[in-house]
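Descriptive structure summary
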Amino acid sequence: MKINQIYVNLPIKDVPKTRAFWTTLGFSINEQFSDDKALCVVMKEDHIYAMFLKEEFFQTFTNRPFAKGDTTQVLLAIGVESREEVDWIIKTAIENGGSKYSEPMDHGWMYQSAFADIDGHQWEVMYADASQLPTE
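Values in this document were obtained by computation on a predicted structure and should not be read as measured data. (Residues numbered from 1 in each chain as written. Predicted model: local features only at pLDDT ≥ 70, side-chain atom pairs only at ≥ 80, totals over all residues. Heavy atoms only, no water.)

**Here we look at the nonpolar core**
Judged by nonpolar contacts, the single largest core of 24 residues is most densely connected at Trp-22, Leu-25, Val-41, Phe-52, Phe-115, Trp-123 and Val-125. Listing elements by their share of this core, those giving two or more residues are β1 (6-12), α1 (15-24), β3 (38-44), β4 (48-54), β5 (75-79), α3 (83-95), β7 (110-116) and β8 (122-128). It is α3 that provides the largest number of residues to this core, a total of four residues. Sequence-distant contacts of Val-41, that is, excluding residues within four places in its chain, are made with Trp-22, Phe-27, Ser-28, Ile-29, Ile-48, Tyr-49, Ala-50 and Phe-52. Counting residues in each nonpolar core, the second largest holds eight residues, with Ala-38, Tyr-49, Met-51 and Phe-58 among its members. (Core = buried A, V, L, I, M, F, W, Y, C linked by side-chain atoms within 4.5 Å. Buried < 20%, exposed > 50% of the residue type's maximum accessible area, 1.4 Å probe, protein only. Helix = DSSP H or I, 4+ residues; strand = E, 2+ residues; numbered from the N terminus. Contact = heavy atoms within 4.5 Å.)

Below, the structure written as structure tokens:
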């Protein structure tokens, strides 16, 4: 079996604020799947999407309680093209209402940093160069 797409669904409080946050970070919106209850952020065209759903709408998909931004239920990790892009995303996220929750980590072959978005969802942003992986 091969998966050809992934949609990560996350609860949010405010669709317009979430739209502004993610478009400021440089992501585009799939308007076909966006309205006043949901926002579809394109992470990788035709493959990876983050569905940000207003909390009330999100709750219609599950009968279980969901994390309200003060707990961690999942850590989301995204890979980018360079260390500079990692730093730019973190800086821009913080400048636009997000928060930093850990210091950058440099493992030589992998560099990562992290932010929490305006609804408290935690995002790890990383750049990795597998050719630099230690062989021992």
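**A word on the pattern of salt bridges**
Counting across every chain of the model gives five salt bridges. One salt bridge connects Arg-19 with Glu-31, and the closest N-O pair in it is separated by 2.7 Å. Placement of the pair is Arg-19 in helix α1 and Glu-31 in the loop between β2 (28-29) and β3, with a sequence separation of 12 residues. Residue Lys-100 is joined to Glu-103 by a salt bridge in which the shortest nitrogen-to-oxygen separation is 3.5 Å. The exposure class of Lys-100 is partly exposed, given its relative accessible area of 40%. Taking relative accessible area as the criterion, Glu-103 reaches 55% and is therefore assigned exposed. (Salt bridge = Lys/Arg side-chain N within 4 Å of Asp/Glu carboxyl O.)

**Some points on the sheet that holds β2**
Strands sit in the order β1-β4-β3-β2 across an open sheet of four strands; the sheet is mixed. For this open sheet the edge positions go to β1 and β2, each flanked by a neighbour on one side alone. Bridge count between β2 and β3: two bridges; the pairing is antiparallel. Considered in β3, the bridge of Ile-29 is made with Val-41. Along the sheet, α1 contacts β1, β2, β3 and β4; its crossing angle with β3, the most-contacted strand, is approximately 15°. (Pairing = 2+ DSSP bridges. Axes fitted to C-alpha atoms, helices over the stretch in contact; angles between N-to-C directions.)

**Concerning α3**
An ideal rise of 1.5 Å per residue puts 18 Å on 13 residues; α3 measures up with 18 Å between its terminal C-alpha atoms. Considered for burial, the residues of α3 that qualify are Val-86, Ile-89, Ile-90, Thr-92 and Ala-93. In this structure, the buried side of α3 is in contact with α1, β7 and β8. Looking at the residues trailing α3, positive phi occurs at Gly-97, about 105°. (Expected span 1.5 Å × (residues − 1).)

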